[in-house]
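Structural features, examined
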Amino acid sequence: MSKHNKELEKLKKDLESGAIDISTYNKITEKLNDNYMPYSNKIKLPKDKKRIKLLNILKLVLIVLILVIVFYYIFISIPFRSYQTVTDLYNLPQPLQQSTNGYVVKYISGTPVNISYIAKYTIQGVVLDTYDYLEYNTQNKLSPIDVALGWGTLANPNNYSKVNWSSSGNRFLYHRITDYSLLNTMSESYLDDHFSNNHLIPSSNEIKKLIKSIKKGDYISIEGYLVNATYKKEDNYMFYWNSSTSRTDSGDGACELIYVIDIKWLKEAKN
């Protein structure tokens, strides 16, 4: 017989002999059972106020952290967008160009870039394609994104969706008609004259955020200047980057280099 059982047997005899009363018997029995109970079975889990308080604090910190992240994403990371109404979103006007002069110097990682204004410029269009560049050199830091825009009736999804638009990262935009029913509504020359690949130079950090938020399929209006840019490369050679001033040219040099002052997203006026 185990020591535990012996003590319980003795306690029972004391009760029967009248040496102890039933209340004392119950108290001592409970104490004996508790002393001989395996340790793992004796662990009790009463409400630990300190532990609960700590968990509540951690929950509160987590909630605050999530709110900070959401606030940053909505109000800081994503810039505020301005909107402009147009009468016909699917038939946008030709870009507006007005000769001007002037210049600005923009410093890119300490390198002065001379930006000469050629013309005031406003272009409205649907975003056919975008290409973000890794900012590892002066050119890519100066113009971190290319945006291809289409206007006229090309802005209609039923039209521009019949063309494959692609950029390969060499500052060129490629297009290929994938559905030739498009030619029932417009000629190839009309198509070629109603889109452009635009190298965008942000005039400020806020404009850069807006540029970075442009997505394929957006309808936008860009205001700024067509410009020529020059700067001295690390090998001391001058780099010249000139904008096209025509919407009907093609090939090397046909892209527009735009110093962006403002961007608005377009929406159609409700009748």
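Attention here is on the structure that accompanies the text. (Residues numbered from 1 in each chain as written. Predicted model: local features only at pLDDT ≥ 70, side-chain atom pairs only at ≥ 80, totals over all residues. Heavy atoms only, no water.)

**Structural notes on the nonpolar core**
Grouped together as the largest cluster of nonpolar side chains are 39 residues, with contacts concentrated most on Trp165, Leu191, Leu200 and Ile222. Of all the secondary-structure elements, those providing two or more residues to this core are β4 (111-132), β5 (145-150), β6 (163-167), β7 (173-177), β8 (195-202), α8 (205-212), β9 (219-232) and β11 (256-268). Considering every element that reaches this core, the biggest residue donor is β4, with 6 residues. Among all residues touching Ile222, those that are not within four sequence positions of it are Tyr121, Thr122, Ile123, Leu149, Leu200, Ile258, Val260, Asp262 and Ile263. Ranked by size, the runner-up nonpolar core spans 14 residues in total, among them Tyr117, Val227, Leu257 and Tyr259. (Core = buried A, V, L, I, M, F, W, Y, C linked by side-chain atoms within 4.5 Å. Buried < 20%, exposed > 50% of the residue type's maximum accessible area, 1.4 Å probe, protein only. Helix = DSSP H or I, 4+ residues; strand = E, 2+ residues; numbered from the N terminus. Contact = heavy atoms within 4.5 Å.)

**Some words on the packing of aromatic side chains**
Scanning all chains against the criterion turns up 8 aromatic pairs. With a centroid separation of 4.0 Å and 5° between ring planes, the pair formed by Tyr117 and Tyr225 is classed as stacked. Placement of Tyr117 in strand β4 and of Tyr225 in strand β9 is noted, with a sequence separation of 108 residues between them. Comparing Tyr117 with Tyr225, the two get one shared label, buried. (Phe/Tyr/Trp six-rings, centres within 6.5 Å; stacked < 30°, edge-to-face > 60°.)

**Examining α8**
Burial in α8 covers these residues: Ile207, Leu210 and Ile211. The buried residues of α8 all sit within an arc of 100° when viewed along its axis, so they share a single face. If you follow the buried residues of α8, they end up packed against β5, β8 and β11. (Arc of directions from axis to C-beta.)

**Considering a nonpolar patch on the surface**
Where nonpolar side chains cluster on the molecular surface, the patch consists of Leu62, Leu65, Ile66 and Ile69 and spans about 390 Å² of accessible area. Residue position: Ile66 is located in helix α4 (residues 49-77). Taking the relative accessible area as the measure of exposure, Ile66 reaches 46% and is therefore partly exposed. (Patch = residues over 30% accessible without salt bridge, like charges linked within 9 Å, V, L, I, M, F, W, Y side chains within 5 Å. Areas by Shrake-Rupley, 256 points an atom, 1.4 Å probe, with all protein chains shown as cover. Salt bridge = Lys/Arg side-chain N within 4 Å of Asp/Glu carboxyl O.)

**Details of the pairing of β7**
When β6 meets β7, the two strands line up antiparallel, connected through 5 bridges. Bridging across to β7, Val163 finds its partner in Ile177. The hairpin formed by β6 and β7 contains 5 residues between the paired strands, and Gly169 there has a positive phi angle of roughly 90°. (Pairing = 2+ DSSP bridges.)

**Overview of the pattern of salt bridges**
Evaluation of the coordinates by the stated rule reveals 7 salt bridges. Between Arg81 and Asp218 there is a salt bridge, with its nearest N and O atoms 4.0 Å apart. Linking Arg81 in the loop between α4 and β1 (83-86) with Asp218 in the loop between α8 and β9, this pair joins segments that are 137 residues apart in sequence. A salt bridge links Glu135 to Lys212, with the nearest nitrogen and oxygen atoms 3.7 Å apart. Remark: Lys212 occurs in helix α8 and Glu135 occurs in the loop between β4 and α5 (138-142); sequence separation between them is 77 residues. Take Glu135: its relative accessible area is 32%, and that puts it in the partly exposed class. Put simply, Asp132, Glu135, Lys208 and Lys212 are held in one network by salt bridges that share partners.

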